[in-house]
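Report on the structure
Below are the chains, spelled out letter by letter.
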Amino acid sequence: MMLRAFRADLHVHTCLSPCGELEMTPKAIVRTCREKGIDVVAICDHNSAENVVSVRRAAKNANLTVLPGMEVTTAEEVHVLAIFNREDQALALQKWVYEHLLPGENDEDLFGLQVVANELDEVDAIVNKLLIGATTLPMNPLVDRIHTLGGLAVASHIDRDSFSVISQLGFIPDDLAVDALEISPRASTATIRMQIPGVERFPLITSSDAHRLDEIGKACTTFFLPEATVGEIRKGLQGAEGRKIVETEGGL
Amino acid sequence: MELKTIVEKLGLEVKAGENALNRQVEGGYGSDLLSDVIAHSEKGDVWITLQVHQNIVAVAVLKELAGIIIIGGKTPLEETIAKARKEGVVIMTSSLSAFELSGRLYQMGLRGRG
């Protein structure tokens, strides 16, 4: 199979995330990704996957691979990305996450609207759950469940002072079984490799964590793969069978 | 003050380190961000937290803390207890909130440092 470069932003929010701008609608995200030369985008809203189907629909014929995902807040308040091939996998994880979400209702004035949009950028529903809150799921069982469902588990923005494995747990746990660690656009992989002990055990990716359209692609990871699937990205992270990470852009 | 005194007075449940309750407590620290505890706790502190992940054990060893009190009726994960036993770290639990527990420790004469 022919291998080629795929430029991926594996962490993008939509208008469903309370902190995501309303402009982060399915069509607008797809258009912005293409304008910025992105081949693969993973849709990762906080503790929910209710917009993944419409972003995938909006990307039909757009020459953009949309991977359905989620950014789960663990019991330790660590953010973990779950990235899948198929919508049913993301929705299966969503069901489990919803069952373990801390109780409470979203306050739109405080946290922002949580909009489920269709592929035409029309409002389908408003989610009232407190998506900004945490779940009662500890990190290890969550990572196991993501793997059982066939997904990739990535520790989000480990360079950040909040909601990262380092801020919450002090250092990288011995038994952490994620597939990669993510560096936000605020840091560089080279600095992180020097600053945080234990990162050498993991592949590092950079992604945007975009909450606004102009943030999309601010950091990207380019993979050398035959096709943009979770299985191939996993091989790319591991450097297996000629698949590899060729570039991590963004960062300081 | 010995850990034993705190356990008895506040009715704490000891989950690990039963044989080290004669350890001296010099002060107290409360935080749920382990990065913050690494940066700001002092040797001999009793640490109040709701985190139950096994990394709390390593932080207690690193900072030579007197012990860990997990609040809010939370139970440490199995691997956390196992690691604490191995490392000789005292883990206690309380059904009280962090605020209540800190207040009672303060009343007993314990202070934050630094």
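What this report covers is the structure whose coordinates are included nearby. (Residues numbered from 1 in each chain as written. Chains lettered and ligands numbered in written order. Predicted model: local features only at pLDDT ≥ 70, side-chain atom pairs only at ≥ 80, totals over all residues. Heavy atoms only, no water.)

1. Focus: the interface of chain A and chain B
- At the junction of the two partners, chain A supplies 14 residues and chain B supplies 14 residues.
- Contact between chain A and chain B buries roughly 1000 Å² in total, counting both sides, with carbon and sulfur atoms accounting for 50%.
- On the chain A side of the interface with chain B, the three residues burying the most area are Gln168(A), Leu169(A) and Phe171(A), jointly 39% of the side's total.
- Where chain A touches chain B, the interface holds one salt bridge.
- Here Lys83(B) makes a salt bridge to Asp174(A), at a shortest N to O gap of 3.4 Å.
- Linking chain A to chain B there are seven residue pairs in polar contact (both at pLDDT 80 or more).
- For the side of chain A that touches chain B, the elements supplying multiple residues, two or more each, are helix H5 (139-148) and helix H6 (165-169) of chain A.
- Ranked by residues supplied to the side of chain A that touches chain B, first place goes to H6(A) with four residues.
- Looking at side-chain class alone, the side of chain A that touches chain B contains seven nonpolar, four polar and three charged residues. (Contact = heavy atoms within 4.5 Å. Buried area = accessible area lost by both parts, 1.4 Å probe. Salt bridge = Lys/Arg side-chain N within 4 Å of Asp/Glu carboxyl O. Polar contact = N/O pair within 3.5 Å; in protein donor to acceptor, adjacent residues only side chain to side chain. Helix = DSSP H or I, 4+ residues; strand = E, 2+ residues; numbered from the N terminus. Nonpolar A, V, L, I, M, F, W, Y, C, P; charged D, E, K, R; others polar.)

2. Details of the pairing of strand S4 (residues 67-70) of chain B
Residues and elements named next belong to chain B.
- A two-sided burial pattern is seen for S4, the buried positions comprising Gly67 and Ile69 on one face and Ile68 and Ile70 on the other.
- Pairing geometry for strand S3 (residues 45-49) and S4, over four bridges, is parallel. Residue pairing for S4: Trp47 is matched across the bridge by Ile68.
- Of the strand pairs in this sheet, S4 and strand S5 (residues 91-93) are connected by three bridges, and their pairing is parallel. Paired with Ile68 across the two strands is Ile91, which belongs to S5.
- Since S4 and S5 lie parallel, the crossover through helix H4 (residues 78-87) that links them has a hand, and here it is right-handed. (Buried < 20%, exposed > 50% of the residue type's maximum accessible area, 1.4 Å probe, protein only. Pairing = 2+ DSSP bridges. Right-handed = clockwise from strand over helix to strand, strands pointing away.)

3. Things to note about the pattern of salt bridges
Residue and element names in this part refer to chain A.
- All told, the structure shown has 20 salt bridges over all chains when counted by the stated rule.
- Between Arg57 and Glu119 there is a salt bridge, with its nearest N and O atoms 3.9 Å apart. With a gap of 62 residues between them, Arg57 in helix H2 (residues 52-58) and Glu119 in the loop between strand S5 (115-117) and strand S6 (123-126) connect regions that are remote in the sequence.
- For Asp88, the salt bridge is made with Arg86, and the minimal N-O distance between the two is 2.8 Å.
- Taking relative accessible area as the criterion, Asp88 reaches 43% and is therefore assigned partly exposed.

4. A closer look at the sheet that holds strand S9 (residues 204-206) of chain A
Residues and elements named next belong to chain A.
- Strand order across the open sheet formed by nine strands is S9-S8-S7-S4-S3-S2-S1-S10-S11, with mixed pairing between neighbours. This sheet does not close on itself; its edge strands, each paired only once, are S9 and strand S11 (244-248). With direction set aside, neighbouring strand axes in the sheet form an average angle of 30°.
- Strand direction decides the pairing type here: strand S1 (residues 4-12) and strand S10 (residues 221-225), joined by five bridges, are antiparallel. Bridge pairing in S10 links Arg4 to Leu225.
- Contacting strand S3 (65-73) and strand S4 (79-83), helix H3 (residues 87-99) crosses the sheet at an angle of about 15° to S3. (Axes fitted to C-alpha atoms, helices over the stretch in contact; angles between N-to-C directions.)

5. What to know about the sheet that holds S5(B)
All names here are of chain B.
- Read from one edge of the open sheet, five strands run S1-S5-S4-S3-S2, paired in mixed fashion. Unpaired on one side and paired on the other, strand S1 (13-16) and strand S2 (27-30) mark the two borders of the sheet. Taken pair by pair, the neighbouring strands of this sheet meet at an average axis angle of 25°, ignoring direction.
- Against the sheet, helix H3 (residues 55-62) makes contact with S3, S4 and S5, and its axis sits at roughly 145° relative to S4, the strand it touches most.

6. Observations regarding the nonpolar core
- Counting 70 residues, the largest nonpolar core has Leu93(A), Ile158(A), Leu181(A), Ile216(A) and Ile91(B) as its most contacted members.
- Apart from the residues lying within four places of it in its own chain, the contact partners of Leu93(A) are Met70(A), Val72(A), Ala82(A), Phe84(A), Leu142(A), Arg145(A), Ile146(A) and Leu149(A).
- In terms of nonpolar packing, the next biggest core, distinct from the first, is built from 20 residues, Val25(B), Val90(B), Met92(B) and Leu105(B) among them. (Core = buried A, V, L, I, M, F, W, Y, C linked by side-chain atoms within 4.5 Å.)

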